[in-house]
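Residues per chain are reported as follows:
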Amino acid sequence: MKLVTLDDIAAAAERIDSDIVRTPLLPAGWGDPVRPLWLKPENLQPVGAFKIRGAFNALGRLDPDVRDKGVVAYSSGNHAQAVAYAAAAYGVAAHIVMPEETPAVKVQATRDRGAQVVLCGAGRRESVAAELVERTGGVLVPPFDHPDVIAGQGTIGLEIAQDLPDVASVFVPVSGGGLASGIGTAIRELIPQAKIFGVEPQLAADTAESLVAGHRVDWPVAQRNRTIADGLRSTPSELTFAHLQRVLDGVITVTEDEIRSAVGELALCAHLVAEPSGAVALAGYRKVAQPPGPAVVIVSGGNIEPAMLAAVLTGGQ
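Numbering of residues starts from 1 in every chain and runs along the sequence as written. Totals for whole chains, interfaces and linings use all residues, but because this is a predicted model, local features are given only for residues with pLDDT of at least 70 and pairs of side-chain atoms are given and counted only at 80 or more. Only hydrogens and water are set aside; all other atoms, that is, all heavy atoms of the structure, feed into the side-chain values.

Going by an unreviewed UniProt entry, the protein carries the name threonine ammonia-lyase and comes from Mycobacterium syngnathidarum. UniProt positions are given in the numbering used here, feature names are shortened, and annotations may be inferred rather than shown by experiment. The record held by UniProt for the protein lists under Sequence similarities (unreviewed entry) the comment "Belongs to the serine/threonine dehydratase family." The protein has a UniProt comment under Catalytic activity (unreviewed entry) that states "L-threonine = 2-oxobutanoate + NH4(+)".

Quick look at the structure:
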């Protein structure tokens, strides 16, 4: 199996440069001055999440004749919006499969970007997407299980290394594993002494269990769907798991209350709106007694239902 390289990520950075926001590192002034904390606010991307990087790299790598036939994707929300956005930029059709339990704000945003959205039952995303590929002739752009997607997400790690070359630890949300695979590859090559921690909800902690076991452990969809972090309900593929085994120093699991607390902390202290999935890395950082510093936390997305944000900020569920 060929893993993504630093050269792949550098090429992706050049390819997507004009299509994304090069997000800054924001100092968390309320943190520990001895071990400074920095935030990488990917919620400030045009689609509100990091997924735009992988989507533009994947579409940009396609042969124009193939791309012109349209694209198909499946996603719980942020990859859906990213592919719809990138497809619109390239002027091609996009058909997106989304689970019925996807937050309405993400479904509507995907439709607003011109994509045809197909809702499906839990656990049927991949099969419905395969049917659409057959019917439309479009090419599948998966949310994480593709080297071009991983390389696109890895551009975040490239930027961290350029902006904070003495970074000591990086905290990254883990679901399908594309983000952590890409960032981990870049950081491991450029700053080998830095620690790279994946963070996932306890209610969807299949990656943590898999890394201990040394092989992928399959958690049922219904089990993973219990977490409030709707963007972290996927499970790593063979490709991403191979990357995670190579680049992660460990996986931290966090509770639902710890995730809610991190959403509130980002809103009130950093003035950043983060969805639960986007706040998980901060929750993981807070769980480490003495995290190596300087530390970077990836705020991976900010597409949260207004009612949920209000509930979190007022102490509701």
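> Go over empty space enclosed by the protein, please, and point to the residues and values.
In this approach a probe as big as a water molecule rolls over the atoms, and the regions it shows empty are the leftover space. Method remark: on a 1 Å grid restricted to protein atoms, a set of points is classed as a cavity if a 1.4 Å probe fits but cannot get out and as a pocket if it is open with protein on both sides within 12 Å along at least five of seven lines; lining residues have an atom within 4 Å of a point. Grid points are joined across faces, edges and corners, and a volume is the space filled by probe spheres set on the points. Inspection of the entire model under this criterion finds 1 cavity of 30 Å³ or more. Estimated volume of the largest cavity: approximately 40 Å³. Along the walls of the largest cavity sit P103, V105, K106, D230, E275, P276, N303, I304, E305 and M308, which together make up its complete lining. All residues other than Ala, Val, Leu, Ile, Met, Phe, Trp, Tyr, Cys, Pro, Asp, Glu, Lys and Arg, Gly among them, are scored as polar; the first ten of these are nonpolar and the last four charged. When the residues that make up the lining of the largest cavity are grouped by side-chain class, the tally is 5 nonpolar, 1 polar and 4 charged. For the domains described, the bounds stem from an automatic or database domain assignment. Each of domain 1 (6–48 + 146–314) and domain 2 (70–137) accounts for three or more of the residues forming the lining of the largest cavity.

> So what's going on with the sheet that holds strand β8 (residues 195–201)? Residues and values would help.
Backbone-to-backbone hydrogen bonds pair the strands of a sheet. The strands run either parallel or antiparallel. The strand order across the open sheet formed by 6 strands is β1-β2-β10-β7-β8-β9, and the pairing between neighbours is mixed. Among the strands making up the open sheet, the edge pair consists of β1 (26–27) and β9 (250–254). Strand pairing is assigned whenever DSSP identifies at least 2 bridges connecting the two strands. For helices the rule is a DSSP run of H or I covering at least 4 residues; for strands it is a run of E covering at least 2, with both sets numbered from the N terminus onward. Where strand β7 (residues 169–173) meets β8, 5 bridges bridge the pair, whose relative direction is parallel. Paired with V172 across the strands is G198, a residue of β8. We call two residues contacting when some pair of their heavy atoms lies within 4.5 Å. Geometry is summarised by axes, namely lines fitted to C-alpha atoms with helices restricted to the contacting stretch, and by angles between N-to-C directions that run from 0 to 180 degrees. On top of the sheet, helix α8 (residues 178–190) reaches β7, β8 and β10 (295–299); it is set at about 165 degrees to β7, its chief contact.

> I'd love a proper account of the side chain of E200, names of residues and values included.
The residue E200 is located in strand β8 in this model. Per-residue accessibility, obtained with a 1.4 Å probe over protein chains only, is compared with the maximum for each type, and a residue is labelled buried under 20%, exposed over 50%, and partly exposed between these values. Counted as positive: Lys and Arg. Counted as negative: Asp and Glu, with His and the chain ends omitted from the count. Here a salt bridge means any side-chain nitrogen of Lys or Arg lying within 4 Å of a carboxyl oxygen belonging to Asp or Glu. Buried and unpaired, E200 has R224 as its nearest opposite-charge partner, separated by 8.8 Å. In contact with E200, other than residues within four places in its own chain, are V174, A205, D206, T207, A208, V251, I252, T253, V254 and V280.

> Give me the lowdown on the packing of aromatic side chains, citing residues and values where you can.
When the centres of two rings from Phe, Tyr and Trp lie within 6.5 Å, Trp using its six-membered ring, the rings pair. Their planes under 30 degrees apart give stacked, over 60 give edge-to-face, and anything left gives tilted. For the structure shown, the criterion picks out 4 aromatic pairs. Geometrically, the ring pair formed by F56 and Y85 is edge-to-face, given 6.0 Å between the ring centres and 80 degrees between the ring planes. Of this pair, F56 sits in helix α2 (residues 51–61) while Y85 sits in helix α4 (residues 78–90), placing them 29 residues apart in sequence. Since its relative accessible area comes to 26%, Y85 is described here as partly exposed. Between F171 and Y285 the ring centres are 5.4 Å apart and the planes differ by 90 degrees, which places this aromatic pair in the edge-to-face class.

> Lay out the domain arrangement of the protein in plain terms, naming residues and giving numbers.
Annotation of the protein at the domain level lists domain 1 (6–48 + 146–314) and domain 2 (70–137). Its C-alpha centre places domain 1 at a distance of 23 Å from the equivalent point of domain 2. Domain 1 puts 12 residues into the contact, and the matching count from domain 2 is 14 residues. Two parts placed together each lose some accessible area under a 1.4 Å probe, and the buried area is that loss summed for both. Interface of domain 1 and domain 2: buried area, both sides summed, is about 1,100 Å²; carbon and sulfur atoms make up 48% of it. One can count 2 salt bridges joining domain 1 with domain 2. K106 serves as the salt-bridge partner of E275, at 2.7 Å between the closest nitrogen and oxygen. Broken down by class, the residue content of the side of domain 1 that touches domain 2 amounts to 4 nonpolar, 4 polar and 4 charged.

> I'd like a description of the pairing of strand β5 (residues 116–120), backed by residues and values.
In this structure, strand β4 (residues 94–99) lies alongside β5, joined through 5 bridges in parallel fashion. Bridge pairing in β5 links P99 to C120.

> So what's going on with the nonpolar core? Residues and values would help.
Side-chain atoms within 4.5 Å are what join buried Ala, Val, Leu, Ile, Met, Phe, Trp, Tyr and Cys residues into a set we call a nonpolar core. Of all hydrophobic cores here, the largest spans 30 residues; its most connected members are L37, L39, F171, L266 and V297. Elements with a minimum of two residues in this core: β2 (37–41), β8, β9, α12 (256–269), α13 (276–287), β10 and α14 (306–313). No other element matches the 6 residues that α13 contributes to this core. In this structure L39 touches P24, L25, L26, W30, L266, A270, L272, V297 and V299, once residues within four positions along its chain are discounted. Counting residues in hydrophobic clusters, the runner-up holds 26 residues, among them A73, A82, A84 and V149.

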